[in-house]
Every structure is written in C-alpha cells, then in structure tokens.
Amino acid sequence: MPRVPRRPSDEARRGAYKPPGVDAARSRRRREDRLLALRRRNRDAGLFKRRREEPSLAPAPVAPPSDAAADATAPPPPPGPSSAPSSPPPADALRAAADAELEGLSEMVDKVWSDDTTSQLEATVQFRKLLSDGKNSTMIKIIRADVLPRFAEFLSRQRLPQLQMEAAWVLTNIAASDYTLLVAECGAVPRLVELLDSPNANIRHQALWALGNIAADMPSCREIVLDHGAVTPLLAQFKEDMKVSVLRTATWALSNLCFGKLPAEVQVKPILEIISLLIHSADEKILADACWALYYICDGVEGGIQDALDAGVCPQLVKLLMHASANILLPVITSLARISAGDDTQVQVIIENGILPCLTQLLARNYPKIIKKQTCLIVSNITAGSKDQIQAVIDADVMNHVIVLLKTSETDLKKEAAWAISNAASGGSSDQIQYLVSRGCLEPLCNVLKYQDVDLVYTCLEGLQNILEEGETGRQGNECATNPYAQFILENGGLDNLEDLQDFDNDAVYKLAMKLLERYWDEEVSDEANLTASKDSPAENVEAVPEDAAPPPVAAPSVDGTE
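Cut-offs and rules
Residues numbered from 1 in each chain as written. Predicted model: local features only at pLDDT ≥ 70, side-chain atom pairs only at ≥ 80, totals over all residues. Heavy atoms only, no water. Helix = DSSP H or I, 4+ residues; strand = E, 2+ residues; numbered from the N terminus. Contact = heavy atoms within 4.5 Å. Areas by Shrake-Rupley, 256 points an atom, 1.4 Å probe, with all protein chains shown as cover. Axes fitted to C-alpha atoms, helices over the stretch in contact; angles between N-to-C directions. Parallel < 35°, antiparallel > 145°, perpendicular 65-115°, else oblique. Left-handed = near helix turned anticlockwise from the far one by under 90°. Nonpolar A, V, L, I, M, F, W, Y, C, P; charged D, E, K, R; others polar. Phe/Tyr/Trp six-rings, centres within 6.5 Å; stacked < 30°, edge-to-face > 60°. Buried < 20%, exposed > 50% of the residue type's maximum accessible area, 1.4 Å probe, protein only. pLDDT = per-residue confidence, 0-100. Expected span 1.5 Å × (residues − 1). Polar contact = N/O pair within 3.5 Å; in protein donor to acceptor, adjacent residues only side chain to side chain. Core = buried A, V, L, I, M, F, W, Y, C linked by side-chain atoms within 4.5 Å. Salt bridge = Lys/Arg side-chain N within 4 Å of Asp/Glu carboxyl O.

So, about the overall build of the protein chain. A count of helical and extended segments in the protein chain gives 33 helices and 0 strands. The long-range share in the protein chain, meaning contacts at least 24 apart out of those at least 6 apart in sequence, stands at 75%. Of the roughly 25900 Å² of accessible surface on the protein chain, 51% is carried by carbon and sulfur atoms.

See below:
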C-alpha cells in the first residue's frame, strides 16, 4: 500500500519545479566518474610492463619483444615462459647454474665496477641471465648490490654497443618488476632517451622497451620519461622502415606515455598523426595499442576529443567496430565512448560516420557484456543530445534493443540501458516519447527507481516527468480524461517506487519525486492519507461494533420522567 509522503514546505516545492528536459552537458558530465572508474580498469587491461626473457629459458626460440608479450587487452603475463614446452627443457639445470652464479654475486659486482671493458661486458651478461629467471629474490639481491647506477652509466658507452645493449636489457627487466622507480631515479632515463637516436637498430629497440616499462609503472615515472623529452625521438621511430616487432614495441611504449594528463609542452597533434596511421595496421597488437593511446589522449588531454576528430580518426574507428577480435573491439569502442561524451557537434561527427548501424549490431548479437555496456554508454551520450540525434538513434532501431536490455539483462547492464532511455525520455519530442512508451519502456523504467544510484534515479525521474507531461498534453480539453501514463504507472506499481523515494538519501531526488506525486497522483495520495489518518485516530471516541452483534439494550424511562 502507498504510504503517506512527507510534505515539503511551499518554498521547497517551488524550488523543485523546473521545466522538463535534460541538460546535455550536465548529463554527460555526470558520467565522468563512471568513465574514470572504467579508465582505471582499462589501464590494467591495456597498460602493463613487459619482460624480455632469456632465449635459452624459453620453450621455443624467442620472437621479437612484443611477440613474447601478452595481448594489449589481456592481464600481464606471469613471469617466465607463458606456456609449457612440448618436451622437458633443461630449465632445471639452467636455473641451478643461475643459482650458482648468484652465489658469486660479489665477484660479478667487482667486474661491473672494474675498469676492464671485457670484464664489464661479461658481468653485465651474467646479470642479464640472472634476471631472466623472473625470481623476485634474485631481483632484490641484484638491487641491493647497488649496480643500477653503473648499468645506467654503461648506456653512454657509444663505442661499446654490445655493452649498451646488455645494460639496457638488464634495466628493461628490472623496470618490469616492482622496482621500476629505482631505474627511473638511477640516471638511466636521459641516457635511454639518447639511445633512441642510436645508429644501432637493436639498441633503439631495447631503449624503447625499457622506456615503455618505466612509463607504465606510475605517473611519477611516466613524468620523468616525458620531462626528458622522450616523445619526439619516439615519434621519429615511426618514420623509419621498421620491422613489425619493433613497431609493436614502439606503439606499446607510445600508448604507455599517453596514459594520464600530458604536460602542456607535449604536442598532441604529431602523436595523433602517427596514431591515425597506426589504426589502419593489419597487426592486432599494433592496432590495439594504437587505439588505447587514442583513448588516453581523448580522455586525458584538454581538447583531446576535437584534436582526435581533426586528425581524421573517426571513419576508421567506426569501421573497426565490426572487427572480429575482442582485443581490438574493446579499445575501439572505449575510444568512441569517450568521443561520444563530447559536445553535440562532436557527437554528430560519429553519427555521420555511420556509428548507429554498428551499435545496433553490437546490441543484437552475442557480444561480451563489457562491449554491450560500452555500447549503451555511447547510446546514452547520444540521446543526451539534440532531438535530431535522438531521432537518429530511433531510426537506426537502436532503442528497441536497448529497451530489451532494460527488461531482461543483468543489473549492471540494465543501469547502462536505463541511462540511454532516461536521457531520450528527458529530452525527446512528443513523437519520440510516444515511440518509447509504445515499445514498453515505462514499467522497466519505474523499476530503476529502486536502485541506489543517485544520478541514475534522478535522470530516470526526469524522463518520467517528460513522459507524464506528454500524457497531460494528450488529455488537454478533456478534464475528465485520465493521464494514460500516470494510470499505467499506478497500475504497475510505479507509484509505490515513487513513494519509496521519500526515504532516498538525496534532497534533489526527494523533491522531484514529491513534485511528480503531488501533480499526477494527488488524489490517490490524499485518499490514502485520509484512510491512514482514520486508522490512526484516537480510539476513545469510536467504539467498534461487530456487524453480527445485537444492538445495545435501551434503558427504560423512569417513573418520574428522568432517565
């Protein structure tokens, strides 16, 4: 049964009255917290470190750097070989030899610090082999030996390219551990940046790898790399005739550098020029990392969305929505979701490039839940725009599939669908409102009022407000007619959900809910209030008499005429 709602003051009620509709900018802005949480999850998916293993310990000949790494959208690989070899390798013997070498660590340290270049190279190779076993205990012992500054110094030995290569390899694997900050602070970063101009392609490749690991660790490490001007020489790598393996590493390193807010001195447009080429790559690893880099720029750079659109990335991004690999689809749709959070003009660009038919297919087919959630997020951002943009969504048959999700999917996916429908209902025209209601959106939309998400519930109330306003318009000139939408909400339990919002811990939600109750169901609320009041009235003045009880005896009049 409906409860008697608490009545706000006249002043509070007047303050709650606002014209129906949705503020597109506000609606998109309140998605930023969700996007921030998503971005943090995506960082774990698309941003991680990569170790370079010792070839002799791998189950097969080691491919170039990124071939040994996991996909860009997969969790970081565990240390050591990623799969069991087909035949027992001599790993035990090799590890036993590594342990024996570790016992002679002090001798290796002496060689590293000696003045003999042959001894320096020999010891550096030994350190590199030790680090290839991936053992944390080995890493700690090497770090405690305080040899990192020496390896950083070896990076400047231009006349000894093999020593430069081995030292960069050692630092790469240490940077792939939990001790990246020590590498960033030992003086290696400026020297690694200098190595990006090395005439030796292998050294440049190894320097890219090391810098990518350093940038992937934490914002302070990334800032150190950026402060030493790594972006320009990194971009220069893409202008050469690179092997696919090197191009993978360079794209991955660029993606790691783009994560987070870029300093003002970093020019974004040259980066986007490279990315606009990389997103046409046929290599999935390159393609995935390029799309993550694009997403990071759109998300972390002021004006990044417009810069990306100016770079011409939109047509290819939309085309990639139909890519067969989920490793590609996730960063692509995440990038488009970020672009859809821009202003109406920017959203119109992705509409004109044909995103809506793709969204229809993504919702209709059996894609992973994360893909469908991102799809609904894009739809909700588009429906937060103009009436023409809402109509474009309807014409593409997107809303039918969103309403189905709102009715049948899991709770977290229902929430994303509810955003899309609520935004459309809040800003839609009369015909658009009628379309949504005819497709059965009212009942599931009322069920959203049970959720504890303040922004979502408020947006849902705005949508219901606009729908109810449309119902009032339909009964103009006939005061005896009933608002069909108000009646439907009443008959399907929506009024109960609205009245429950009197206990919602948010004043704006409470006020808007009370406004709707008083305007459209005041008679029902008043009747219920009177009924409850009569039930709760003092009992001493009312005597309950059972229906089947005999009437009380009437006293006979006295002889003298007194009672």
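There is more to say, and it comes next.
A separate point is the packing of helix H20 (residues 326-340) against helix H23 (residues 369-383). Two elements in contact, H20 and H23, have axes separated by 9 Å at closest approach and are oriented at 20°. By the criterion of interaxial angle, the relationship of H20 to H23 is roughly parallel. The interaxial crossing formed by H20 with H23 has left-handed handedness. Where H20 approaches H23, its residues Leu329, Leu330, Ile333, Thr334, Leu336, Ala337 and Ser340 are matched on the opposing element by Ile370, Ile371, Gln374, Thr375, Leu377, Ile378 and Asn381. Here the contact of H20 with H23 is built from residues that sort into 9 nonpolar, 5 polar and no charged.

Attention now moves to unusual backbone geometry. Excluding glycine, residues mostly carry a negative phi; peptide bonds, for their part, are mostly trans. The residue Asp146 is not glycine, and still its phi comes out positive at about 60°. Inspection of the secondary structure assignment puts Asp146 in the loop between helix H7 (136-144) and helix H8 (148-154). Despite not being glycine, Asp397 has its phi angle at roughly 65°, a positive value. As for its position among the elements, Asp397 is in the loop between helix H24 (387-395) and helix H25 (398-408).

Moving on, we come to the packing of aromatic side chains. By the definition in use, this model includes 7 aromatic pairs. Here the aromatic rings of Phe151 and Phe154 are separated by 6.2 Å at their centres, their planes lie at 70°, and the arrangement is edge-to-face. Taken together, the residues Phe151 and Phe154, both in helix H8 and 3 residues apart, mark about one turn of the helix. Each member of the pair, Phe151 together with Phe154, is buried. Judged by centre distance (6.3 Å) and plane angle (75°), the rings of Trp292 and Tyr295 are edge-to-face. Placement of the pair is Trp292 and Tyr295 together in helix H17 (residues 284-300), with a separation of 3 residues, close to one helical turn.

Our next topic: the confidence of the model for the protein chain. Averaged over all residues, the pLDDT of the protein chain is 80; the fraction at 70 or higher stands at 74%. Below pLDDT 50 for its whole length, residues 528-535 participates in 5 contacts with residues either more than four positions away or in separate chains.

Along an α-helix, residues three or four apart share an orientation, since each turn contains 3.6 residues. In a regular helix each residue adds 1.5 Å, so 15 residues correspond to 21 Å; helix H12 (residues 201-215) covers 21 Å between its end C-alpha atoms and thus fits that length. Where H12 begins, one side-chain oxygen reaches toward the backbone nitrogen of Asn202, 2.9 Å away; that side chain belongs to Asn200.

Another point: the nonpolar core. Membership of the largest hydrophobic core comes to 167 residues, with the highest contact counts inside it found for Phe127, Leu192, Ile271, Leu336, Leu461 and Trp521. The biggest single contributor to this core is H17, with 12 residues. Apart from the residues lying within four places of it in its own chain, the contact partners of Trp521 are Leu468, Ala486, Ile489, Leu490, Leu495, Leu498 and Leu516.

Scanning the model with the defined rule gives 12 salt bridges in all. Between Glu153 and Arg157 there is a salt bridge whose closest N-O contact spans 3.5 Å. On the basis of relative accessible area, Glu153 is assigned to the partly exposed category, the value being 30%.

To continue, consider the environment of Ala145. Mapped onto the fold, Ala145 is located in the loop between H7 and H8. Distance in space between the C-alpha atoms of Ala145 and Met108 is 9.8 Å, their sequence separation being 37 residues. Setting aside residues no more than four positions away along its own chain, Ala145 makes contact with Leu105 and Val109.

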